[in-house]
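Reading the structure
So you can see what is in the structure, the chains are spelled out below.
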Amino acid sequence: MRISDFLKRYNLHGSLINNVEYDSTTKRVSIETELCKWQQFDYDETKDPEMIEGFIVFEDVTYFETDCVKDFDADEILEAVLISETPSLEKVKIVTDGVNIIIIEAGNVEWHSL
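Let me begin by describing the structure that accompanies this report. (Residues numbered from 1 in each chain as written. Predicted model: local features only at pLDDT ≥ 70, side-chain atom pairs only at ≥ 80, totals over all residues. Heavy atoms only, no water.)

A closer look at the sheet that holds strand β7 (residues 101–106)
Strand order across the open sheet formed by eight strands is β4-β7-β6-β5-β1-β2-β3-β8, with antiparallel pairing between neighbours. Each edge of the open sheet is held by one strand with a lone partner, namely β4 (63–66) and β8 (108–113). The mean inter-strand angle of the sheet, taken between neighbouring strand axes irrespective of direction, is 20°. In the sheet, strand β3 (residues 51–59) pairs with β8 via six bridges, with the strands oriented antiparallel. Each residue of the ladder has a partner; that of Val57, found in β8, is Glu110. (Pairing = 2+ DSSP bridges. Helix = DSSP H or I, 4+ residues; strand = E, 2+ residues; numbered from the N terminus. Axes fitted to C-alpha atoms, helices over the stretch in contact; angles between N-to-C directions.)

Some remarks on unusual backbone geometry
Phi is positive for Lys27, close to 55°, though the residue is something other than glycine. Relative to the assigned elements, Lys27 resides in the loop between β1 (16–23) and β2 (28–36). Here Ala74, not a glycine, exhibits a phi torsion of approximately 60°, which is positive. Of note, Ala74 is situated in the loop between β4 and β5 (75–85).

Structural notes on the packing of aromatic side chains
What the rule picks out here adds up to three aromatic pairs. Look at Phe6 and Tyr10: their rings are 4.7 Å apart centre to centre, the planes differ by 35°, and that puts the pair in the tilted class. Judged by its relative accessible area of 13%, Tyr10 falls in the buried class. When the centroid spacing of 6.5 Å and the interplanar angle of 45° are considered together, the rings of Tyr10 and Trp111 count as tilted. Of this pair, Tyr10 sits in the loop between α1 (3–9) and β1 while Trp111 sits in strand β8, and the two are 101 residues apart along the sequence. Each member of the pair, Tyr10 as well as Trp111, carries the same accessibility label: buried. Cation over ring: Arg9 sits above Tyr10, and NZ or CZ is 4.4 Å from the ring centre. Against the face of Tyr63 rests Lys91, its NZ or CZ located 4.4 Å from the ring centre. (Phe/Tyr/Trp six-rings, centres within 6.5 Å; stacked < 30°, edge-to-face > 60°. Buried < 20%, exposed > 50% of the residue type's maximum accessible area, 1.4 Å probe, protein only. Lys NZ or Arg CZ within 6 Å of the ring centre and 35° of its normal.)

Structural data, given as C-alpha cells:
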C-alpha cells in the first residue's frame, strides 16, 4: 500500500524499533518493530496482546537516510509523518526517542506480523 494509506491504517506512535536493515540491491527497507496493538483501530482488549512483533517492509525504495549514531534498541517512535508525495512515490520521516531520524521514499509499504 502507499505510505500515506499505511500511516492512516497504522498508528506507529509508541511502537518500538529494534532493528533497521536496508538492502540497496533489492531496494528494500525492513524495520523490525514491536507495534502498539492497543493503539490500532481494530484492537480488542479481550483477546489481543498490547504489543505485537513484526516488520514494516518498504519496497521499491528510491531514497533511504538515517542519522542513527547507535544501533536501534527498542527506540520508541515519537513521530511518523508523510513529508512528500508524487503519484508513484511517497516519503516518510520517522523520529525516535533515541534522537534517530529515518527518511524513506518508497513505492509501497506493508506490515508483516510474526
